[in-house]
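So the chains spell out like this:
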Amino acid sequence: MKKGFLISFEGGEGCGKSTQLKKFAIFLEEEGFDFLITREPGGTEVGEKIRNILLHDKAALSSKTEFLLFSASRCKLIEEVIIPALNEGKIVVLDRYFDSSYTYQGYAGNLNLQDLQTITNFAIGDDAQPDLTVLLDLSYEEGFQRKSADERLKNLDRIEQKGKEYHDKVRAGYLQLAKDNPRRIFVVDATKTQDEIFEIVKFEFKKRYQNCQNGTK
Ligand code: TYD
């Protein structure tokens, strides 16, 4: 039975997710929470191998193949890391989760969302549902501008290379998901400063965590 708290962070390229995750980890540490942070794809030995195929392999992958690989990595992470940590009462912080599959492979990759939901439910089960998902919302243009010139030229991974049309659909997909899941997904305007965003995230987390502890979520 799940006892901990699961929070996922989502957003398009350059939305400031990594910065927020760092700030959030420092906050949890300072407040004395028992927590762990992990990422998707990856987070386990097998997952990191799958990550390498997904992001850096030269082979062309269809959205369907991508989705199944992301799901396999996710399933391993749930079995090996997420469920045991939640059972120990930890706060589990996820750098991306299944919403990324729904937006990138679903909305942008044109896969049927219901198919993705069926397979995702099979992969994650009932005990690894997020208590809160923070969505950092930013346009593709602004996100891309934030990357350094070097990152823009050389280090784009396979998914980052997909271009504006794809990433516009990712953003629209996230906003649709937020509309469909208003209790779970909390949208933050990522054009605000990193400090402002962090205060908003911290406030929302404290509220939800408290409700969860009181059994009123
Ligand atoms: P990463 O380097 O972790 O990027 P970011 O800092 O943007 O999180 O790369 C993860 C990439 O994989 C990112 O472009 C989003 C993509 N992705 C999917 O397409 N589907 C998924 O289910 C997940 C988890 C990630």
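Look up: the structure comes first, before these words.
Undergrad: Just give me the short version of the packing of aromatic side chains, but keep the residues and values in it.
TA: Per the counting criterion, the structure on display carries 15 aromatic pairs. Pairing F5 with Y209 gives two aromatic rings, centres 5.5 Å apart and planes at 75 degrees, and the pair type is edge-to-face. Separated by 204 residues along the polypeptide, F5 in strand 1 (residues 5-11) and Y209 in helix 9 (residues 194-213) bring together distant segments of the chain. Taken as a pair, F5 and Y209 share a single burial class, namely buried. Plain terms: the ring middles of F98 and Y102 are 5.4 Å apart, the flat faces sit at 50 degrees to each other, and that makes the pair tilted. Taken together, the residues span about one helical turn, with F98 and Y102 both in helix 4 (residues 98-108) at a distance of four residues. An identical accessibility class is assigned to F98 and Y102; each is buried. Taken together, the ring pairs in this structure connect F5, F9, F24, F27, F33, F198, F205 and Y209 into an aromatic cluster.

Undergrad: Give me the lowdown on the pattern of salt bridges, citing residues and values where you can.
TA: According to the stated counting rule, one finds 17 salt bridges in the structure shown. For K17, the salt bridge is made with D95, and the minimal N-O distance between the two is 2.5 Å. Residue K17 is located in helix 1 (residues 17-30), and its partner D95 is located in strand 3 (residues 91-95); the two are separated by 78 residues in the primary sequence. An identical accessibility class is assigned to K17 and D95; each is buried.

Undergrad: Outline the side chain of D157, supporting the account with residue identities and numerical values.
TA: Among the structural elements, D157 can be located in the loop between helix 7 (149-153) and helix 8 (164-180). Although D157 lies buried, it forms no salt bridge, and the closest oppositely charged side chain, R51, sits 5.9 Å away as judged by the N-O distance. Looking at D157, its side chain comes within polar contact range of the main-chain nitrogen of I159, at 3.0 Å. For D157, the contacting residues outside a window of four places in its chain are L55 and H56.

Calculation notes
- Residues numbered from 1 in each chain as written.
- Predicted model: local features only at pLDDT ≥ 70, side-chain atom pairs only at ≥ 80, totals over all residues.
- Heavy atoms only, no water.
- Phe/Tyr/Trp six-rings, centres within 6.5 Å; stacked < 30°, edge-to-face > 60°.
- Helix = DSSP H or I, 4+ residues; strand = E, 2+ residues; numbered from the N terminus.
- Buried < 20%, exposed > 50% of the residue type's maximum accessible area, 1.4 Å probe, protein only.
- Salt bridge = Lys/Arg side-chain N within 4 Å of Asp/Glu carboxyl O.
- Lys, Arg positive; Asp, Glu negative; His and termini not counted.
- Polar contact = N/O pair within 3.5 Å; in protein donor to acceptor, adjacent residues only side chain to side chain.
- Contact = heavy atoms within 4.5 Å.

These results come straight from atomic positions and should not be treated as a statement about function.
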